[in-house]
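Breakdown of the fold
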Amino acid sequence: MVTKLAESKDDAGRVLATMWTIRRFEEAVDEMFARGLLYGTMHLSIGQEASATGACLALRDDDVITSTHRGHGHCIAKGADLGRMMAELLARDTGYCRGRGGSMHIADVSKGNLGANGIVAGGIPIAVGAALALKLQGSDKVALSFFGDGATSEGAFHESVNLAAIWDLPVVFVCENNHYGMSMSVEEVSRLERVADRAAGYAIPGGTVDGNDVQEVYEAVAQAVAHARAGQGPTLIEAVTYRWKGHSKSDQNLYRTREEIESWRQRDPIDRFEQAVLEAGTLDQGEVQKLRDQARDAVRDAVRTGQAGPPSSSDLLGAVYAPSEVDAVSPTSEGAPAEPLPDGAAPTPVAAAAGTRGEAEAP
Amino acid sequence: MTTTETQAETQLETMTFAEAIRAALTEAMEADERVFVLGEDIGVYGGAFGVTTGMLDRFGPERIRDTPIAEEAIMGAAVGAALCGMRPVAEMQFSDFTAHAMDQLVNQAAKVYFMLGGAVSVPLVLRLPFGSGTGAAAQHSQSQEAWYAHTPGLKVVMPSNPADAKGLLHAAIRDPNPVVFMEHKVLYRTASGPVPTGSEAIPLGVAAVPREGDDLTIVATGIMVSRALAAAEELASQGIEATVVDPRTLKPLDEATILERVRATGRVLLVQEAPRSGGFTAEIAARITESDTLYYLLAPIRRLSGLDAPIPYNPDLEKASVPQVPDIVQAARTLVKEP
């Protein structure tokens, strides 16, 4: 009999710390955005903390993940540094992407996070390729791909699951079904009852779990990870959850009701796990409160760290290509070097050198 | 011979374009276990154009990896594998099919290094059999190099002869960035020539000048290089001497050599198979005119391109829709008479 996460002091503490950190991080981001401190847009996963936390808990540090536009939770659960995440959102040079990627592109390759992704389903083929590499290298690492219900309408999802299936690749597909692809209800985009039913179409194991129950997510992913590590191929897991916030900052929630949102708030994954921990007597109220406070403080520190970072380097042209020993000239056009004019030619103004970068838009 | 230098022990072997590419793939796979090939029908079939013939027997199905007909997954698998330490070489059966794979190529492969702040690069090669002349019609005959050259983060290589194909492919595989490697289908079997043994890479960004002449400069890409050289022979018999410049790589582009050779003759003819509008030679024309090479021009820049039309099936029309040797001769003759 496996000990439940809520019954182990270490696990319960770790799970609560992760979930509260995700929640507090995103609340802070939401508030900073509202105060005009952040640029661009933001996709928040508040309400979905259990799927990121449970899934990553089932992974080893050296396993890899691909994430989505709604990826702060995955990133934190895979062990990212909060200060560097916040620095990225604040467009600082100390951010994970040096301020070039922003919320939708945070990655921490050192922790096996191959990145959030601005393209729906964009990370799924990449996870399959990562799993192929891990297999070719003879390692027992696995790749896990997070994606939403919206991504399951993309061809990339179907091509990727099939490829992983026929090659028995060590990959776990985790669909966080939060019921809406932006405004489009999952029920309207498929005749299947469950996203997990698609697993049968690729002859791989699949199942649906309560994505707001960290225990259920953890157990399902742990089983899929063991399956993959043993060389038995991929699994499709559907974690049913709900995002409390809108799709992004432009969302006015016209496609769902206040009552529906409220009903899901009642199924708060953090609250549920806290109750289980308290009922099991694993941690007491004081210990739980301490974890909450620590998460809040860690996020506050991250904001301070992020704000202290210098702005992004303006050398954009130097950032496009990795330095290559096989390049004879720069692959980024810099225009021709000035040459002496022929005798008698008038020095008429010539347009600016090719490749001169326009003024970068200030965040 | 257009390689930049050959070592004393290097020998020459006559090969077709396809054989030269296979030689580079084979040598790279023998030298580096991270290199593997994936694509449609590349195993027992040997690839639609026979480039990987025999490689399955040599390297086995793990490293010569037949895929389903799923271009986006092929491309994405290459991206993911590259991110995790491999050096994948992906083949699209026809370059036209890259349309299916554009998200992974353009939004992922090309941007990861930049977008992730340089934390990781994507060392992959995408081999693209492209171009017209095989009767394959509009969906199997395109020259889409401008798409890729217009995408920051991608490198674009377009060899015109077997020796360059081999040396440039070695460079492409060693490059830490995504490289689009464009192989003209007609060259696979028709182009044959001396190829150095050994796995010497030809650096990316060094144009070749396979012919020198004082009267005009022809800058031609891909299969148009051989047509330009044939045209130059005919022009020579008419007393017109042409310099022929083969950029070999569009990104990085050896702008200095092109400009220098244009200044030397003052007359330039740009030749590409791709459609005219937005074509890569328009970029070359712009580089000439926005540099002081403009002042050396004795006549307006002339371009020969494919028609702004899909490639037709009818063989006569197919031929007529892209530049042929007589077109180059004619354009060159007109150009040297101007103004």
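Residues numbered from 1 in each chain as written. Chains lettered and ligands numbered in written order. Predicted model: local features only at pLDDT ≥ 70, side-chain atom pairs only at ≥ 80, totals over all residues.

**Here we look at the interface of chain A and chain B**
At the junction of the two partners, chain A supplies 50 residues and chain B supplies 56 residues. Secondary-structure elements contributing two or more residues to the side of chain A that touches chain B are helix 5 (123–136) and helix 6 (155–166) of chain A. A per-class count over the side of chain A that touches chain B returns 34 nonpolar, eleven polar and five charged. (Contact = placed C-beta atoms within 7 Å. Helix = DSSP H or I, 4+ residues; strand = E, 2+ residues; numbered from the N terminus. Nonpolar A, V, L, I, M, F, W, Y, C, P; charged D, E, K, R; others polar.)

**Things to note about unusual backbone geometry**
Of note, the bond from B:Lys251 into B:Pro252 is cis; its omega dihedral lies within 30 degrees of zero at 0°. As for its placement among the helices and strands, B:Pro252 is situated in the loop between strand 12 (249–251) and helix 10 (255–265). Although it is not a glycine, A:Arg98 sits at a positive phi angle of roughly 60°. What makes A:Arg98 buried here is the crowd of 24 C-beta atoms within 10 Å. (Buried ≥ 20, exposed ≤ 12 C-beta atoms within 10 Å, placed from the backbone.)

**Considering the domain arrangement of chain B**
Residues and elements named next belong to chain B. Each assigned domain of chain B is listed here: domain 1 (12–196) and domain 2 (208–337). One C-alpha centre belongs to domain 1, the other to domain 2; they are set 26 Å apart. Opposite the 26 residues of domain 1 that make contact, domain 2 presents 25 residues. Listed by contribution, the elements that provide at least two residues to the side of domain 1 that touches domain 2 are helix 6 (145–149), strand 6 (155–157), helix 7 (162–174) and strand 7 (179–184). Tallied by class, the residues present in the side of domain 1 that touches domain 2 amount to 14 nonpolar, nine polar and three charged. (Domains from an automatic or database assignment.)

**Side note on the nonpolar core**
Among the nonpolar cores identified, the biggest contains 216 residues, and A:Ala130, B:Ile218 and B:Ala332 are the most heavily contacted of them. When residues of this core are assigned to domains, at least three fall in each of domain 1 (12–196) and domain 2 (208–337) of chain B. The contacts of B:Ile218, once residues within four sequence positions are left out, are B:Ala228, B:Ala232, B:Ala242, B:Thr243, B:Val244, B:Leu269, B:Val271, B:Ile328 and B:Ala332. (Core = buried A, V, L, I, M, F, W, Y, C linked by C-beta atoms within 7 Å.)

**A closer look at the pairing of strand 4 (residues 87–91) of chain B**
Along a regular strand, successive side chains alternate from one face of the sheet to the other. Residues and elements named next belong to chain B. Summarising burial for strand 4: five of the five residues are buried, a large majority. A two-sided burial pattern is seen for strand 4, the buried positions comprising Arg87, Val89 and Glu91 on one face and Pro88 and Ala90 on the other. In the sheet, strand 2 (residues 35–39) pairs with strand 4 via five bridges, with the strands oriented parallel. What sits directly across from valine 37, in strand 4, is valine 89. When strand 4 meets strand 5 (residues 125–130), the two strands line up parallel, connected through three bridges. Along strand 5, the bridge assignment pairs valine 89 with valine 125. (Pairing = 2+ DSSP bridges.)

**With respect to the confidence of the model for chain B**
Atom-level detail of predicted coordinates should not be read off regions where pLDDT is low. All names here are of chain B. Of all residues in chain B, 98% have pLDDT values of 70 or greater, and the mean over the chain is 96. Residue range residues 1–6 is modelled with pLDDT below 50. Its contacts to residues more than four positions away, or to other chains, number 15 contacts. Taken over the whole predicted complex, pTM reads 0.93, whereas the ipTM for its chain interfaces reads 0.94. (pLDDT = per-residue confidence, 0-100.)

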